[in-house]
Amino acid sequence: MKKNNILLSFILPVIAVIALLTIQAFCDLELPSYTSDIINNGIQQLGVDSSLPDVLTVDLYDAIVKISGDNKAIMASYDLFIADDMTKSEKKELEQKYPLIKDENLYLLDDLTEEEKKIVEEKIKMPLIVATMLYCNNESVATMLNLEIPEDGNLLDIVLKMDDKTFNIITSSIESSLENFDESTINQYAYSSVSTIYDSIGIDMEDYQMAYIINKGMIMLIIAVIGMIVAISVGYLIAHIAAKISFVLRNKVVRKIMSFSQAEFKEFGASSLITRSTNDIEQVKTFFIMLLRIVVFAPIMGVGAFIKVYDNPLNWIIGIALVIIFVLIGLLFALAMPKFKSMQKLIDKMNLVSREIITGMPVIRTFKTERYEEKRFDKANTNLTKTNLFVNRLMGLMMPSMMLVMNIISILIVWYGAKQIDLGNLQVGTLLAFITYTMQIIMSFLMISLVSVMMPRALVSLKRIKEILKKKVSIVEIDNPKAFKESEKGVVEFKNVSFKYPDADEALLKNISFKATPGTTTAFIGSTGSGKSTLINLIPRFFDTTSGEILVDGINIKEASVVELRNKIGYVPQKGILFSGTIKSNLMLGKDSITDEELNTAAKISQSLEFINGKKDKFESAISQGGANVSGGQKQRLSIARAIAKNPEIYIFDDSFSALDFKTDAQLRKSLFKHASDATILIVAQRISTIMKADNIIVLNEGEIVGSGTHSELLKNCEIYKEIALSQLKEEEL
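What you see is a predicted model; the values in this text were computed from it and never measured.

## Comments concerning the overall build of the chain
Move 1: Along the chain, the regular secondary structure elements total 26 helices and 15 strands.
Move 2: Against the globule reference of 27 Å for 734 residues, the chain gives a C-alpha radius of gyration of 45 Å, more extended than a compact globule.
Move 3: With the C-alpha coordinates of the chain rotated into their principal frame, the extents come out at 150 × 55 × 50 Å.
Move 4: Buried residues in the chain amount to 45% of all 734 residues.
Move 5: Counting contacts in the chain only where the partners sit at least 6 residues apart, residues at least 24 apart contribute 78% of the total.

Have a look at this one:
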């Protein structure tokens, strides 16, 4: 159910974004059309945008009907309104609309549907042009027909009085001369005819024109405002979705990393895990923003713009533009793809080197290897920089190249379009709209290509994230864990345990068997690399045994709950690790709530109370990242205090007393053994003095137990232990 809710939280906003982007694309596609209308109809045609006049005089109506051959569609679309039959209000309304009409009868257009208007407009177009040419005493028409223009009246009156045969010959001649023009020019003639009719019946064409321009301008303004609101909403929603996706991904990645055993950490490496949980997720987020914004928006814009210019005589230019763009994108892909694929690995390398230099600075300074480390860093930095520069230069070259293509295409459109305008096949507004739509088509392909270029790097990042999420964790919670036995509380037992690292050739530990019980201290000692730390890291299941079994509280730890197992253990690693926060927050790490008394007890036993009380804020004193503001000994004592505060059944100290002086070490162990008298204590140590009083000392050599017993027993029975002891203490001290 929870997964469905998470999925639903993404699906609904994504659907909303797609819907809003569709609206935004529609708004962007409509604006050039309105610009074209304002130029073509509003400016060039005085606001007339239809070849179907709203009003006709009786003479013009009769002429149009006669020229059309008594077309029924035209005849049925107009009704005669006789001035004498009108009411005063109707007559006043018409006079306001057509001020020069007083007593003359008019034919007014009926209320038609858009479909009906289109049919009538197509039928009336040619008869309207012919009638208007005669009505306006067109000189070219008079010359063609060999007629004299009357001083009073017009050619239409003369032609209408002719017999039907002569009338048809004259009108057919005019129609034949018009057939040489394309549809666009015919439409312009028709609009001009309507404008002439309106002017002749008293309509103020300046006001008519201004009203048209204001009307179209207001619609454009509304569309632009809607587009702006939608664009802002889309930006907000996409940012929200992207932030949510990166939040969920980071959560999933970090949670998965938290479940990793030491084997998985070793496989990936700390620097790579950091890169994957930060940089890789950012790459995926950025790509998702581009994907959602462009992959939905660009195709709608491209297809929509192409539909708008499909029947334009200049559309072949778009084909040339697209071929050039595809060639440029192909070259870009061929050059950039390999570099994008290697980018994340170079970032990993950079992080690895940076991390090693920063954490190992004291060692670097001590051995004076600053120059070497600088060169190592410089090499990693140079490789990454070169790759970044190459990719960025390619991307930087892409935009000017596209702009050059767009400008060349614009010049080609203007050059060829101007010729078409001169021939009367195209209007200025249509040309400007075509340029805008062409740029929208080119930009759509450009945006899609940008997403395609980003895709390889994003896919690499996504693959790296999936490698973490899909990684099979070697140590997991089993479905039905066994309960720990209360009767064997605190008992730790190894039975023929062997362990080999996944990439190792030989086993590090071989046939380890021992038993540690509550109230006793078991210590491990041996030469470096003998497997001491590895052995005790098997108990909290940082690694799993290769063979044999480890029992805690009488249960094989592989059959128990990992969480419950680790709740029983107070673990202090070799290197004291503190987290940014306060002393109190660090001591509470293994416990949800802790009293002041418990804090004081833990600090007192670990010999930390004195230096804590010496601080101004005591337990509320700040601890910086990694415990950088406390000494090594203080850090180790606070790590021990943290384990004590947890009050566990089993204490594991992995060489945790090495940073303490002998006096503090002795005092701490004395207090600890007294406090944890009923707990099981396991200690890895290098110093004999730390483990001399242990109940059982296990000596390891090359991964095997070569001795086991008390200090005095081992001095007698184990040569290796005796050698270690004599190397550290005088014989009388032993």
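## With respect to the confidence of the model for the chain
Move 1: When pLDDT is averaged along the chain, the result is 81, and 94% of the positions lie at 70 or above.
Move 2: Here helix 4 (residues 88-97) stands out as the least confident element of the chain, with mean pLDDT 70; strand 4 (residues 492-499) is the most confident, with 92.

## Points about the environment of L426
Move 1: Position of L426 relative to the elements: it lies in the loop between helix 15 (370-422) and helix 16 (428-470).
Move 2: In this structure L426 touches S184, Q188, N312, P313, L314, G417, Q420, I421 and L431, once residues within four positions along its chain are discounted.

## Some points on the nonpolar core
Move 1: One finds I409 and I413 to be the most contacted residues of the largest nonpolar core, which totals 58 residues.
Move 2: Mapped by element, the contributors of at least two residues to this core are helix 1 (2-44), helix 10 (205-258), helix 12 (270-308), helix 13 (316-359), helix 15 and helix 16.
Move 3: Among the elements that make up this core, the one with the highest residue count is helix 16 (12 residues).
Move 4: Residues contacting I413, with those up to four places away along its chain left out, are L314, I317, A418, L431, F434, I435 and T438.
Move 5: In this structure, L599, I697, L714 and L729 belong to the second largest nonpolar core, which totals 46 residues.

## Some points on the layout of surface pockets
Move 1: Estimates place the volume of the second largest pocket at around 1000 Å³.
Move 2: Taken together, 28 residues line the second largest pocket, and the ones lying closest to its centre are S36, D37, N40, D311 and T430.
Move 3: Residue assignment for the lining of the second largest pocket shows that the elements contributing at least two residues are helix 1, helix 9 (183-200) and helix 16.

## Side note on the packing of aromatic side chains
Move 1: Counted according to the given criterion, the structure contains 10 aromatic pairs.
Move 2: A ring pair is formed by F542 and Y571, whose centres lie 5.2 Å apart and whose planes are at 85°; its orientation type is edge-to-face. With F542 in the loop between helix 17 (532-537) and strand 7 (547-552) and Y571 in strand 9 (residues 569-572), the pair connects residues that are 29 residues apart, well separated along the chain.
Move 3: Taking the relative accessible area as the measure of exposure, Y571 reaches 23% and is therefore partly exposed.
Move 4: Their ring planes at 0° and their centres at 5.9 Å tell us that Y651 and F653 sit as a pair that is stacked. As far as burial versus exposure is concerned, Y651 and F653 are alike and both buried.
Move 5: An aromatic cluster is built from Y61, Y78 and Y107, whose rings are joined through pairwise contacts.

## What about the sheet that holds strand 6 (residues 521-526)?
Move 1: Taken together, 6 strands build an open sheet; the order of strands is 9-12-13-6-14-15 and the sheet is mixed. The open sheet terminates on both sides in strands that have one partner only, identified here as strand 9 and strand 15 (704-709). Averaged over all neighbouring strand pairs, the angle between strand axes comes to 15°, with direction disregarded.
Move 2: In this sheet, strand 15 lies alongside strand 14 (residues 696-701) in antiparallel orientation, the contact comprising 5 bridges.

## Notes on the packing of helix 2 (residues 58-67) against helix 5 (residues 114-135)
Move 1: The N-to-C vectors of helix 2 and helix 5 enclose an angle of 130°; their axes lie 9 Å apart at closest approach. Here helix 2 is positioned oblique relative to helix 5, judged by the angle of their axes. Pair helix 2 / helix 5 crosses with right-handed handedness. Taken together, the residues of helix 5 that come into contact with helix 2 (itself represented by L60, A63, I64 and I67) are I124, P127, L128, V130, A131 and Y135.

## Brief notes about helix 12
In an α-helix there are 3.6 residues to a turn, and that puts residues three or four apart on one side.
Move 1: Counted at 1.5 Å a residue, the expected span for helix 12 with its 39 residues is 57 Å, and the 55 Å between its end C-alpha atoms agrees.
Move 2: The largest bend along helix 12 reaches roughly 40° and is located at R276.

## A word on the pattern of salt bridges
Move 1: Across all of its chains, the model carries 14 salt bridges by this definition.
Move 2: As a salt-bridge pair, E559 and K482 come within 2.9 Å of each other at their nearest N and O atoms. Residue E559 is found in the loop between strand 8 (555-556) and helix 18 (562-567), and its partner K482 is found in the loop between helix 16 and strand 4; the two are separated by 77 residues along the sequence.
Move 3: Residue classification places E559 among the partly exposed residues on the basis of a relative accessible area of 32%.
Move 4: A salt bridge links R687 to D665, with the shortest nitrogen-to-oxygen separation between them at 2.8 Å. Placement of the pair is R687 in the loop between strand 13 (680-684) and helix 24 (688-691) and D665 in helix 23 (residues 662-675), with a sequence separation of 22 residues. As far as the burial class goes, R687 and D665 line up, both buried.
Move 5: Overlapping salt bridges bring together R250, E282 and K285 as one network.

## Let's talk about the sheet that holds strand 8
Move 1: With antiparallel pairing, the 4 strands of this open sheet are ordered in space as 5-4-7-8. The outermost strands of the open sheet, each flanked by one partner alone, are strand 5 (509-516) and strand 8.
Move 2: Relative to strand 5, strand 4 runs antiparallel, the two sharing 5 bridges. Paired with F499 across the two strands is L509, which belongs to strand 5.

Thresholds applied
Residues numbered from 1 in each chain as written. Predicted model: local features only at pLDDT ≥ 70, side-chain atom pairs only at ≥ 80, totals over all residues. Heavy atoms only, no water. Helix = DSSP H or I, 4+ residues; strand = E, 2+ residues; numbered from the N terminus. Rg over C-alpha atoms; globule rule 2.2 N^0.38 Å. Buried < 20%, exposed > 50% of the residue type's maximum accessible area, 1.4 Å probe, protein only. Contact = heavy atoms within 4.5 Å. pLDDT = per-residue confidence, 0-100. Core = buried A, V, L, I, M, F, W, Y, C linked by side-chain atoms within 4.5 Å. 1 Å grid on protein atoms, 1.4 Å probe; cavity = no way out; pocket = protein on both sides within 12 Å on 5 of 7 lines; lining within 4 Å. Points joined across faces, edges and corners; volume = space filled by probe spheres on them. Phe/Tyr/Trp six-rings, centres within 6.5 Å; stacked < 30°, edge-to-face > 60°. Pairing = 2+ DSSP bridges. Axes fitted to C-alpha atoms, helices over the stretch in contact; angles between N-to-C directions. Parallel < 35°, antiparallel > 145°, perpendicular 65-115°, else oblique. Left-handed = near helix turned anticlockwise from the far one by under 90°. Expected span 1.5 Å × (residues − 1). Bend = angle between axes of the 7 residues up to and from the residue. Salt bridge = Lys/Arg side-chain N within 4 Å of Asp/Glu carboxyl O.

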